[in-house]
Structure formats: structure tokens, C-alpha cells
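An overview of the molecular structure
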Amino acid sequence: MIKLFVFYMASYLPKSFVYGRSFRKAKSVHSKFEAATCKENFVAKFTEINIIKSLEVATRTHFYRARLVGNILAKQQLIDKDDVVSAGDEIVRSKLMADLITTGGTSGKPLAFHINKDRKGVEWYWMTAGWAKVGFDYKKSWRAVLRNQSLNGKMYEVNPLLKEVYFDNYRLEDDYLEFVTEEIKRRSIVFVHAYPSAAYTLALHWKKNGNAPGCVKTFLCGSENVFPQQKNLIQNELGKRMFTWFGHSEKLILAHEGETCENYHSNPFYGCTEIINESGEAVTVKGEFGELVGTGYINTKTPFIRYRTGDFAEYV
């Protein structure tokens, strides 16, 4: 109850203040970009400055000291998860004001690394800036959330600070989905933030029962693969937007769909994104596929320079 009271009190404060300094810094960058006369030049200058900063941070680690060649990103060797795991603390610049997080190990060893404690503010700003393409407003918009919450018997939880109504993603049987549906209607929630699989299950329930809430306009879906049958049901049969994005725990690349197209657009203020072929060269021809490689601007505790993500994309 105390935690909920604190959230309610904080929800009345200016959001830029509550979400922290890194949120405000990202917001400032975005505002300057929007005001820039030549946006391409603004992005190019921002990229140059932040690549140099990232390389300078990396040179303070034992791992990178012998690898880096000046301030030109294209000269740097590619690294992957095995390199980071093998390097251990030699790739860590600092553990001060850092969290240790671990990614899944389904394709080999789990990846553990240190990352800035203040990352959540900048992450939240750029995530919601992407959602703004479909009308989301971080100051006003409420979300029904079906992701990784197990509520231990409770029907839902409310986070007034982030304007979230959490539902239990581990009990998606019909009677509970009916409760979720009615609660969404009662609260007139416009956005459902869900794993694609959970979004599909809820959408199937709506189709079967003919009770899709008219207030819901968009499903915000990430963290899993998105399959054609999921988009077909939600967008073509139910007439809701299924708005998706690509991101990962290392926080190097963030790419949202466009306002009107469903291609992913990488965010140049979040990190530097490359697509490379099997020879390690940049993919620049429309229709060619390659591996996504990222250099992140957020994590200054464990620098990731030209990191092979293991994910692949088509250049469009």
C-alpha cells in the first residue's frame, strides 16, 4: 500500500522530473532534432560525437585497449557474445552506479554484463517516442499490460506513475480474458502492451466472442517474434494496429515501425545500427539480408562496440 501511495503521489509531479535526468536529456535531444532545419545534418553530427564518446569510453577497458583504432567505427573489429563472456571484467569500465543483468542463454552461455542504473529513463523516453507514432502520449495514455507478470491470485495491479494496468500473463483462460476485456472497457484503455503471443490469445478471445473493445486502437507488441497470422487477426480481422519494434537487453539498437509502414526504422539517438553480410561488409542494396550489428550510446559501464546481435534483417 505504501508503494502504491508513493506511485499515486509521484504521478501528479511533472513526468520529466519523475523519470529522471537521463529521460530529460533524451527529451532535450529529441526537441533539438525536431527544431533542426536540416535533420540529416543533425543526425550525422550527433552520430559522430557519440561514436567518438563511445570509443573513448571503451579505451578505458583492458579488453578494448588493444583493439580500437582511432575514432573511426568502421575500422573496429566485430565482437559477439562469446567475446564478451570470455572477457569478463576486462570489458567492464566501471561497476559504480551499475546493475548486473543477465540475458537468456537459449543459444549458448547466458550473457551477464554491467549497465548504468539510470538507463531506464532514457530507455523509457525513446520507447514512448516510438509509440507516439501511433498516438501514444507518455503524459496521458494508459496501457493494459500483458507481459511477464504473475500476480499470485490478484486480478490486476495498477501503476499510476507509468499509467499501467497489469494483468496476469500466466492465466490466459477464457474467464480471465473476459475479465481483462471488461476492465479495459471500463477504463476506456486505448493501448494494449503485450507479448505478441498474449496479444494473439486476447484477440482470438475477442474474435470468438465478438466483444472487442471499441476503445482499443493499438496493440504495442515486442520481445517476441511476430508471425503473419498474429498481424492478420489483429489488423485485418479486428481492425486494430499491431505496432511492433525491435530491441534487446544490451540496449544497442531500438527500431520501431513507421507511422504508416511496417518496416523498422532504427533510432539514431539510441545507438548506431549496421547491417553486415557474411564478409563483414555493410549491406546497402535493397532486398539484401545481413546481421544486425550495434554500437550503443546508453551503456558506459560495459561498452559494446560493433556487437553482433545474432539477429538478421533485410535492408529496405
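Structural data are supplied above this passage.
Below, the structure is looked at part by part. Note that the structure is predicted; figures quoted are calculated from it, not measured. (Residues numbered from 1 in each chain as written. Predicted model: local features only at pLDDT ≥ 70, side-chain atom pairs only at ≥ 80, totals over all residues. Heavy atoms only, no water.)

**Some thoughts on a positive patch on the surface**
- Positive charge collects at one region of the surface, where R21, R24, K25 and K53 lie side by side.
- With 3 residues, helix α3 (residues 21–35) is the single largest residue contributor to the positive patch.
- Along the chain, K25 falls in helix α3. (Patch = residues over 30% accessible without salt bridge, like charges linked within 9 Å, V, L, I, M, F, W, Y side chains within 5 Å. Areas by Shrake-Rupley, 256 points an atom, 1.4 Å probe, with all protein chains shown as cover. Salt bridge = Lys/Arg side-chain N within 4 Å of Asp/Glu carboxyl O. Lys, Arg positive; Asp, Glu negative; His and termini not counted. Charge placed at Lys NZ, Arg CZ, Asp CG, Glu CD. Helix = DSSP H or I, 4+ residues; strand = E, 2+ residues; numbered from the N terminus.)

**A closer look at the sheet that holds strand β11 (residues 271–276)**
- A sheet is described by the order of its strands in space; here 3 strands give the open sequence β11-β12-β13, paired in antiparallel fashion. Two strands lie at the open edges of the sheet, namely β11 and β13 (307–314), each paired on one side alone. Each neighbouring strand pair of the sheet contributes to a mean axis angle of 35 degrees, computed without reference to strand direction.
- Where strand β12 (residues 289–296) and β13 come together, 5 bridges link them in antiparallel fashion. When the bridges of β13 are listed, F289 appears paired with E314. (Pairing = 2+ DSSP bridges. Axes fitted to C-alpha atoms, helices over the stretch in contact; angles between N-to-C directions.)

**Regarding the environment of S22**
- Relative to the helices and strands, S22 is located in helix α3.
- Here S22 falls in the buried class, since its relative accessible area comes to 14%.
- Separated by 99 residues in sequence, S22 and G121 have C-alpha atoms that sit 5.2 Å apart.
- Those residues in contact with S22 that sit more than four places away from it in its chain are D118, G121 and V122. (Buried < 20%, exposed > 50% of the residue type's maximum accessible area, 1.4 Å probe, protein only. Contact = heavy atoms within 4.5 Å.)

**Regarding the packing of aromatic side chains**
- One pass over the structure, following the stated rule, counts 24 aromatic pairs.
- Centroid distance F33 to F42: 6.0 Å. Interplanar angle 55 degrees. Geometry classified as tilted.
- Residue F33 is classed as buried on the basis of its relative accessible area of 18%.
- Look at F42 and you get partly exposed, because its relative accessible area is 22%.
- Directly above the aromatic system of F33 lies the positively charged group of K39, at a separation of 5.6 Å from the ring centroid. (Phe/Tyr/Trp six-rings, centres within 6.5 Å; stacked < 30°, edge-to-face > 60°. Lys NZ or Arg CZ within 6 Å of the ring centre and 35° of its normal.)

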